[in-house]
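# A structural walkthrough
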Amino acid sequence: MFEIRPYRPDDREDVALICLRTAAAGGDATGVYSDDALMPEVFALPYVEFAPELAFVVADTETGRAFGYVMAVADTAAFVEWWRREWAPGFAARHPAAGAPTEHAPDFTEAELIDAGVHPERMLVPELAEYPAHLHIDLLPELQGLGFGRRLIDTVRAELAARGVPALHLGLAAANTGARAFYDRLGFHELPSSTLQSPRLGIATS
Ligand SMILES: CC(C)(COP(=O)(O)OP(=O)(O)OC[C@H]1O[C@@H](n2cnc3c(N)ncnc32)[C@H](O)[C@@H]1OP(=O)(O)O)[C@@H](O)C(=O)NCCC(=O)NCCS
């Protein structure tokens, strides 16, 4: 049995693993970069550090282990400020330069990933005033296609609406056609700054 519940600190390792196993345009990114810690340190862990109250997991009711998550920040601009101050220095110290290339040669290179870790201003999208929140959602393969994605999005939209946040945005890899179909089905629309290479979608919270 699985349940959706609020994130708690002991989910941190599961969350990092879920991020890694879904980070290659929805597929497993294990071994794609020289350091498996990189993806979670850019796309998952800062979120649960900054706004744990806006993170929810799908967890096994017996073991408590998390198999999926949604995580949001309500105010992306405030998150960027926090990231500059609190996250970027440690990240830069842990990852001073790209490691040796792996056999995978990803489109999103390790140098670009490290750059993303130290330059949070990449998140200041043109539509921020209307869509101040953003989110990430990932489920392990065994939990996909069972309706949890829709329920996680409903949960975090309601939570953001309750805090007075009008709308949220997200970015996705162009190659992630499954995620694109999911977001389209849920009623997300393309934002003006969206491009073929870097799709960007938005939706009201209520
Ligand atoms: C994308 C993801 C979050 C969707 O969650 P999910 O639990 O698999 O999706 P759901 O079962 O809740 O589906 C919700 C709706 O979207 C549709 N949908 C989901 N995936 C789809 C796909 N690949 N193609 C077509 N429709 C899809 C479902 O048919 C369903 O429609 P319905 O509710 O009207 O019946 C999940 O599959 C996932 O984590 N994938 C890997 C990581 C990833 O790509 N994350 C997003 C990065 S931007």
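Throughout what follows, the structure given in this document is the object of discussion. (Residues numbered from 1 in each chain as written. Predicted model: local features only at pLDDT ≥ 70, side-chain atom pairs only at ≥ 80, totals over all residues.)

Near the ligand you find 19 residues, and of these Gly26, Gly149, Arg150, Gly178 and Ala181 are the closest. Examining the composition of the shell around the ligand, we find that five residues originate from one element, helix 7 (residues 177-186), more than from any other. Its residues assigned to classes, the shell around the ligand shows eight nonpolar, eight polar and three charged. (Near = placed C-beta within 6 Å. Helix = DSSP H or I, 4+ residues; strand = E, 2+ residues; numbered from the N terminus. Nonpolar A, V, L, I, M, F, W, Y, C, P; charged D, E, K, R; others polar.)

It is worth spelling out the nonpolar core at this point. Ranked by internal contacts, the top residues of the largest apolar core, which has 55 residues, are Tyr69, Val70, Met71 and Ala72. The greatest single-element share of this core, amounting to seven residues, is contributed by strand 3 (residues 66-73). Beyond its immediate sequence surroundings of up to four residues, Tyr69 is in contact with Tyr7, Val15, Ile18, Ala55, Phe56, Val57 and Asp138. (Core = buried A, V, L, I, M, F, W, Y, C linked by C-beta atoms within 7 Å. Buried ≥ 20, exposed ≤ 12 C-beta atoms within 10 Å, placed from the backbone. Contact = placed C-beta atoms within 7 Å.)

Pairing is mixed across the open sheet formed by seven strands, whose spatial order is 1-2-3-4-5-7-6. Of all the strands in the sheet, just strand 1 (2-6) and strand 6 (189-190) have a single pairing partner and so form its edges. As paired elements, strand 6 and strand 7 (residues 200-204) share two bridges and run antiparallel to each other. Bridge pairing in strand 7 places Glu190 opposite Leu201. (Pairing = 2+ DSSP bridges.)

It is worth spelling out the pairing of strand 2 (residues 55-60) at this point. With five of six residues buried, strand 2 lies mostly within the body of the structure. Direction of pairing for strand 1 relative to strand 2: antiparallel, over a ladder of five bridges. Bridge assignment links Arg5 to a residue of strand 2, and that residue is Val57. Relative to strand 3, strand 2 runs antiparallel, the two sharing five bridges. When the bridges of strand 3 are listed, Val57 appears paired with Tyr69. In sequence, strand 2 turns back onto strand 3 through a hairpin of five residues, with Gly64 there showing a positive phi of about 80°.

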